[in-house]
Amino acid sequence: MKAPHLILLSVLLVARAGGESAPPQQFDQVTSREFLKQLLQDGVYYFISSKVAESLTIRRVEPVLAHSDIVPRVSGTVVVAFEITKDGKVRHAMTVSGPKLLQASVLAAIRQWRFKPYMLRDEPITVATSISFTLSNF
């Protein structure tokens, strides 16, 4: 009965990537397919909302943007999909959408985040989620 969870996961990931924070033309389908493939390999069948993930956050590191005359002034929303492991670490973080110039700093920050384990039937499990970051390089 894991197939319905996978279908739900793929629908949520596609809906999240094409939602209000990112126009559909910015949706990177290659990254999403890679992420879904990784979830299957890792046996991750549960997707939690960004609000639930943020409520589990123990350590949050904010993205650091370069401020110089050389770096173009960029702003936008970067959507990152990742796994939260049984021990609360971030695994397989990938950008789903957003300005390319902001993606590296967001990924570097999210990889340092730590979470309380997500519990299902009193057992910690690995889950997938996505979080949006709205940034400005002004």
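Scroll up to find the structure.
Residues numbered from 1 in each chain as written. Predicted model: local features only at pLDDT ≥ 70, side-chain atom pairs only at ≥ 80, totals over all residues. Heavy atoms only, no water.

Q: What should I look at first to understand the overall build of the protein chain in this one?
A: On a plain count of helices and strands, the protein chain comes out with 4 helices and 7 strands. Order of helices (α) and strands (β) in the protein chain, N terminus to C terminus: α-α-α-β-β-β-α-β-β-β-β. Among the 138 residues that make up the protein chain, the fraction classed as buried is 42%. Taking contacts inside the protein chain between residues at least 6 apart in sequence as the whole, the part at least 24 apart equals 78%. (Helix = DSSP H or I, 4+ residues; strand = E, 2+ residues; numbered from the N terminus. Buried < 20%, exposed > 50% of the residue type's maximum accessible area, 1.4 Å probe, protein only. Contact = heavy atoms within 4.5 Å.)

Q: Honestly, the packing of aromatic side chains in this entry has me stumped. Any pointers?
A: Think of a pair of aromatic rings as described by two things: how far the centres are apart, and how the planes are tilted against each other in angle. Counted by the stated rule, this structure contains 3 aromatic pairs. Taking 5.7 Å as the distance between ring centres and 75° as the angle between the ring planes, the aromatic pair formed by Trp113 and Phe133 counts as edge-to-face. With Trp113 in the loop between α4 (100-110) and β4 (114-115) and Phe133 in strand β7 (residues 127-136), this pair connects stretches of sequence that are 20 residues apart. Neither Trp113 nor Phe133 differs from the other in exposure class; each is buried. An aromatic cluster is defined as three or more aromatic residues linked by ring pairs; in this entry it consists of Phe82, Trp113, Phe115 and Phe133. (Phe/Tyr/Trp six-rings, centres within 6.5 Å; stacked < 30°, edge-to-face > 60°.)

Q: Sorry if this is basic, but what is going on with the side chain of Ser105 here?
A: Mapped onto the elements, Ser105 comes out in helix α4. Within the local environment of Ser105, its side chain forms a polar contact with the backbone oxygen of Leu102, the two atoms lying 3.1 Å apart. (Polar contact = N/O pair within 3.5 Å; in protein donor to acceptor, adjacent residues only side chain to side chain.)

Q: Help me out: how do you make sense of the sheet that holds strand β3 (residues 90-97) in this one?
A: Within a sheet, each strand pairs with its neighbour through backbone hydrogen bonds, oriented either parallel or antiparallel. With antiparallel pairing, 3 strands are arranged side by side in an open sheet as β3-β2-β7. The open sheet is flanked by β3 and β7, the only strands paired with a single partner. Going across the sheet, the axis of each strand differs from the next one's by a mean of 25°, ignoring polarity. Examined bridge by bridge, strand β2 (residues 75-84) and β7 share 10 bridges and lie antiparallel to one another. Across the sheet, the residue bridging to Val78 is Phe133, located in β7. (Pairing = 2+ DSSP bridges. Axes fitted to C-alpha atoms, helices over the stretch in contact; angles between N-to-C directions.)

Q: Before we go on, may I ask you to explain the side chain of Thr95 in this structure?
A: Tracing the chain through its elements places Thr95 in strand β3. A relative accessible area of 10% places Thr95 in the buried class. A distance of 3.1 Å separates polar atoms of two side chains, one belonging to Thr95 and the other to Gln103.

Q: Is there a simple way to think about the pairing of β3 in this case?
A: Taken residue by residue, a regular strand's side chains alternate between the two faces of the sheet. Burial of β3 is extensive: 6 of the 8 residues sit out of reach of the surface. Between the antiparallel neighbours β2 and β3 lie 5 residues, among them Gly88 with a positive phi of about 85°.

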